[in-house]
Amino acid sequence: MTTTTTRRACVPWLCGARLLLLLLLLSAHVATARDALRSATGGRGAVVAPPGPSAAMALAARVLGEQFARNLSIVISSLGSPPGRDSSRPQRDDHHSAEDNNNNKNDDSSHKNETRDRTDEEFAYYAADGWLFINATSVPTACAALHHYMRLFMNSSVTWGVNRTGYYIEPLVTQFPSTDSSGSGGGQTFVSERATVGQSLERGHVRVIRRQNLGRYRYHMNVCTLGFSTAFWSLDDWHRHIDWMALHGINLPLASTGTEFVWWRTYTEYFNLTSQEVRSYFTGVAFLPWNRMGNIHTWAGPMSESFLKSQATLQRGILRRMRQLGLSPVLPAFDGHVPTALVERFPSSRFTKASDWLGDGSVYSENYLLDPTEPLFSLIAQRFLQIQREEFGISDFYNADMWNEMNPPANASGAYLRRSAEAVYNPIASVNPNATWIVQGWTFFQQQEFWTNTRIESYLSGAPPSGVVILDLASEKAPQFHRTKGYFGYPFIWCMLHNYGGKRGFNGNVSHIWSQPTLDFAAYPSMVGVGLTMEAIDTNEFVYEAMLDGSWRNVVADASAPPSLSTWTATYLSARYGGSHLLSSSFEVYDAMLKEDPSGAGGGGGPWTTSLMCCWFFSSMLHRPWLSVANNTPSGMFGVWMDYNPDTLVSAAKIFHREVRHRIDTFVPGSSPLPDPLRYDAIDVARQVLENVFTDLHGALGYFTEHHPPPPWNHERAERNGHRTYDAGGEGVRGGGDGDDGFLPTST
């Protein structure tokens, strides 16, 4: 009896223990599942469905309307070899034998490391009977196929622009036109089953458009873009721009919004810093890019806790839309820059005071860099990535730049540089073994005196070639892959920087960016894609559209060269303004902007043939007040300098303006209004002409303040232009216009 009673008394206790153990296991399981869910999605928040055709069709509905989305069929899969092309022959050989390397050691295309997979993004499509069929290698590429079709066959396009000024959807098109109709797509007719579009037609033949990109990556954004352009964006603004990214095949966008919230949690939860100490380190939102790169701190700060949290919420929405559309966001990693309060908390660790980035001895550029060989470096990096994973999920790509526009220690050895790179890369790999470290190559150009080829190679050796991709940040003007022979075999992306600080002046060497990436892709096996790394957006739309569209090659025809720039320009204008609103003067304006210097010496052509970087064409009207003529040269970093003939714009702009004005004055209610892009461009061209005139007057005024008496009249130039122009020390202060010509307003 005693034994029986004892056993019965123990039963409730055992049951309670088992129940407690079960609850603990269940709690741990739920926590693990929660963390896995956050990592697989956007961190905290709703589940993000894996990217698929439905995301591209949802985008089509947002842009074109539900009636079009219902007649759209998309298949995401690899595409077979086009007809007439040997599918057994590898398109690119990224593996050289030792003998090959020895034979090609002086060839720029040789490399000694095995590069990552160079699988090219590709799409094919056709339309028939009101249906559009797309086969693409990824969701962003399928979206790019949709936009490609819209341009060629619907006279419609989506370019960037504030308040949708870059959108034009042709209202006269009510269903998908057949690809057998006229178009400038350079398509081929062949058996549809071999077209690999995932569909077949009973009639046997159909015109299929097929394009292949230069590599697998299409990168977008500069660290600075998040200060100059997107600092005050809402989620709706971001959604519109992410849709634009997808429609242009962008698959690798920088995503740094909300980073400060992760740092705030990291430092307060793990490193004993107060909320105030962390928040006072951050700058105002418009200056965060330079705070993130370790250039400045505190300026226009501190940030409130509520703002930090709101930015984190915004980032979750941004990442959710990116991941829905198959874009791989590039999240930040730890680059070593820390708040001053952390230096005080860890006096035994080694910190270096960074160079005075502002150059004026200001306390705002007194930043500290934690020595990458310190154990504390790895600990902070791991904690930051851990919290970022909780908040925003995991990524396959991370960005960190330790020495942006700042030199490493002058006596840094190759071993030190390698360990520095390891300190950045290893924590990334510990979070995601398949992750790639995105490195901005700007520092290799901006600090060329320090970054010799030997030092660059030592630094890059801290990460495996399969774990790093370099952004050759200004390939259109200052490529570094030439001198590094393709970054010694490490993968790199050919990027166009072009814009500095959001300056609105027309400029850009369009013919160069149209063709050069294709040539470099053939010459450098380690080139794995193209990218836009402008400091600001919503300007020079034509230049950026040309850069992105030029990298899609006609696979069926000649894959080694892009299509004709003039043919593409005509397609661009038809799609931007719509067929019914296309003006003959539109072509005159664009011809003037693309007109080459007849002398061949440079500086005498149109604005879209310029070779100077945009930082040398700062707007006089937007600049802080100054009068120095010395700044009006390329050596004046913040001066105004036009590397083109401003007269190329004047006559074309007058015609363009008058024709647009006539269309507005004769508008009949009920008819189709002028497209927003046409209105925008008419104003933008007029703005540029007026700015050029203002720049001349400003330069003359500056000259007069420094030289007395005034210089002699330049009579020849004055007679040619219809007004008096001053000769400023032989350089000439050029003017434009011919007096009261009806283009400039005569009254207010």
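Refer to the structure presented above.
The structure displayed is predicted, hence computed values, not measured ones.

Caption draft 1: Seen up close, the overall build of the protein chain. Along its length, the protein chain carries 23 helices and 19 strands. Across the 748 residues in the protein chain, those meeting the buried criterion constitute 55%. Expressed as a percentage of contacts within the protein chain between residues at least 6 apart in sequence, the contacts between residues at least 24 apart total 74%. Total accessible area on the protein chain stands at roughly 31200 Å², and carbon and sulfur atoms take up 55% of it.

Caption draft 2: Region of the structure containing the side chain of Asn 432. As for its placement among the helices and strands, Asn 432 is situated in the loop between α14 (414-431) and β15 (436-440). The exposure class assigned to Asn 432 is buried, which follows from its relative accessible area of 7%. Among the polar contacts listed, one links the side chain of Asn 432 to the side chain of Asp 396, at a separation of 2.8 Å. Setting aside its immediate chain neighbours within four residues, Asn 432 contacts Ile 394, Ser 395 and Asp 396.

Caption draft 3: Region of interest: helix α13 (residues 375-392). For α13, built from 18 residues, the straight-helix expectation of 26 Å at 1.5 Å per residue is met to within 8% by its first-to-last C-alpha distance of 26 Å. The complete set of buried residues in α13 reads Leu 376, Phe 377, Ile 380, Ala 381, Phe 384, Leu 385, Ile 387, Gln 388, Glu 391 and Phe 392. End-on view of α13: buried residues confined to an arc of 170 degrees, all on one side of the axis.

Caption draft 4: Molecular detail of the pattern of salt bridges. As enumerated under the stated definition, the model contains 18 salt bridges in all. Its salt-bridge partner being Arg 321, residue Asp 243 comes within 3.1 Å of it at the nearest N-O pair. Within this pair, whereas Asp 243 is found in helix α7 (residues 235-247), its partner Arg 321 is found in helix α11 (residues 305-324), the two being separated by 78 residues in sequence. Both residues of the pair, Asp 243 and Arg 321, count as buried. Residue Arg 418 pairs with Glu 422 through a salt bridge whose shortest N-O separation is 4.0 Å. Of this pair, Arg 418 and Glu 422 both sit in helix α14, separated by 4 residues, roughly a single helical turn. The exposure class assigned to Arg 418 is partly exposed, which follows from its relative accessible area of 32%. It is possible to trace a salt-bridge network through shared partners that takes in Arg 265, Glu 269, Arg 316, Glu 390 and Glu 391.

Caption draft 5: Just the sheet that holds strand β12 (residues 351-353), in detail. Spatial strand order, β11-β13-β12: 3 strands in an open sheet with antiparallel pairing. Each of the sheet's edge strands pairs with one partner strand only, and the pair in question is β11 (337-338) and β12. Of the pairings in the sheet, the one linking β12 to strand β13 (residues 368-370) comprises 3 bridges and is antiparallel in character. Bridge assignment links Phe 351 to a residue of β13, and that residue is Leu 370.

Caption draft 6: Broad picture of the packing of aromatic side chains. A full pass over the atoms with the stated rule returns 42 aromatic pairs. An aromatic cluster of three or more residues is present, and its members are Trp 403, Trp 437, Phe 444, Phe 450, Trp 451, Tyr 459, Phe 481, Tyr 487, Phe 492 and Tyr 524. Arg 687 extends its terminal NZ or CZ atom over the ring of Phe 506, reaching a point 5.5 Å from the ring centre.

Caption draft 7: Quick look at the packing of helix α19 (residues 565-577) against helix α20 (residues 584-593). Running from amino to carboxyl end, α19 crosses α20 at an angle of 130 degrees, the nearest separation of the two axes being 11 Å. Judged by the angle between their axes, α19 and α20 are oblique. The two elements α19 and α20 meet at a crossing, and its hand is right-handed. Contacts from Thr 569, Ala 570, Tyr 572, Leu 573, Arg 576 and Tyr 577 of α19 reach α20 at Ser 586, Phe 587 and Tyr 590. Residue composition of the contact of α19 with α20, grouped by class: 6 nonpolar, 2 polar and 1 charged.

Caption draft 8: Quick look at the environment of His 241. By the secondary structure assignment, His 241 is in helix α7. Among the residues examined, His 241 registers a relative accessible area of 5% and is labelled buried. Sequence separation between His 241 and Trp 160 is 81 residues, and the spatial gap between their C-alpha atoms is 7.3 Å.

Caption draft 9: Focus on the pairing of strand β3 (residues 131-136). Among the 6 residues of β3, 5 are classified as buried, and the element is accordingly described as predominantly covered. Here 5 bridges tie strand β1 (residues 72-76) to β3, and the two strands are oriented parallel to one another. Across the sheet, residue Leu 72 finds its bridge partner in β3, namely Leu 132. As paired strands, strand β2 (residues 122-128) and β3 are joined by 6 bridges and run antiparallel to one another. Directly across from Tyr 126, in β3, lies its bridge partner Phe 133.

Caption draft 10: Structural view of α7. Compared with an ideal rise of 1.5 Å per residue, which puts 13 residues at 18 Å, α7 spans 18 Å between its outermost C-alpha atoms and is within 8% of the ideal. All of the buried residues along α7 are Trp 238, His 239, His 241, Ile 242, Asp 243, Trp 244, Met 245, Ala 246 and Leu 247. Downstream of α7 by one or two residues, Gly 249 has phi in the positive range, about 75 degrees.

Caption draft 11: Region of interest: the sheet that holds strand β14 (residues 397-399). With respect to topology, 8 strands assemble into an open sheet ordered β9-β8-β18-β17-β16-β15-β14-β10, the strand pairing being parallel. Lying at the two open borders of the sheet, with one neighbouring strand each, are β9 (252-253) and β10 (330-332). As judged from the 4 bridges shared by β15 and strand β16 (residues 468-472), these two strands associate in the parallel manner. Residue pairing for β16: Gln 440 is matched across the bridge by Leu 471.

What counts and how
Residues numbered from 1 in each chain as written. Predicted model: local features only at pLDDT ≥ 70, side-chain atom pairs only at ≥ 80, totals over all residues. Heavy atoms only, no water. Helix = DSSP H or I, 4+ residues; strand = E, 2+ residues; numbered from the N terminus. Buried < 20%, exposed > 50% of the residue type's maximum accessible area, 1.4 Å probe, protein only. Contact = heavy atoms within 4.5 Å. Areas by Shrake-Rupley, 256 points an atom, 1.4 Å probe, with all protein chains shown as cover. Polar contact = N/O pair within 3.5 Å; in protein donor to acceptor, adjacent residues only side chain to side chain. Expected span 1.5 Å × (residues − 1). Arc of directions from axis to C-beta. Salt bridge = Lys/Arg side-chain N within 4 Å of Asp/Glu carboxyl O. Pairing = 2+ DSSP bridges. Phe/Tyr/Trp six-rings, centres within 6.5 Å; stacked < 30°, edge-to-face > 60°. Lys NZ or Arg CZ within 6 Å of the ring centre and 35° of its normal. Axes fitted to C-alpha atoms, helices over the stretch in contact; angles between N-to-C directions. Parallel < 35°, antiparallel > 145°, perpendicular 65-115°, else oblique. Left-handed = near helix turned anticlockwise from the far one by under 90°. Nonpolar A, V, L, I, M, F, W, Y, C, P; charged D, E, K, R; others polar.

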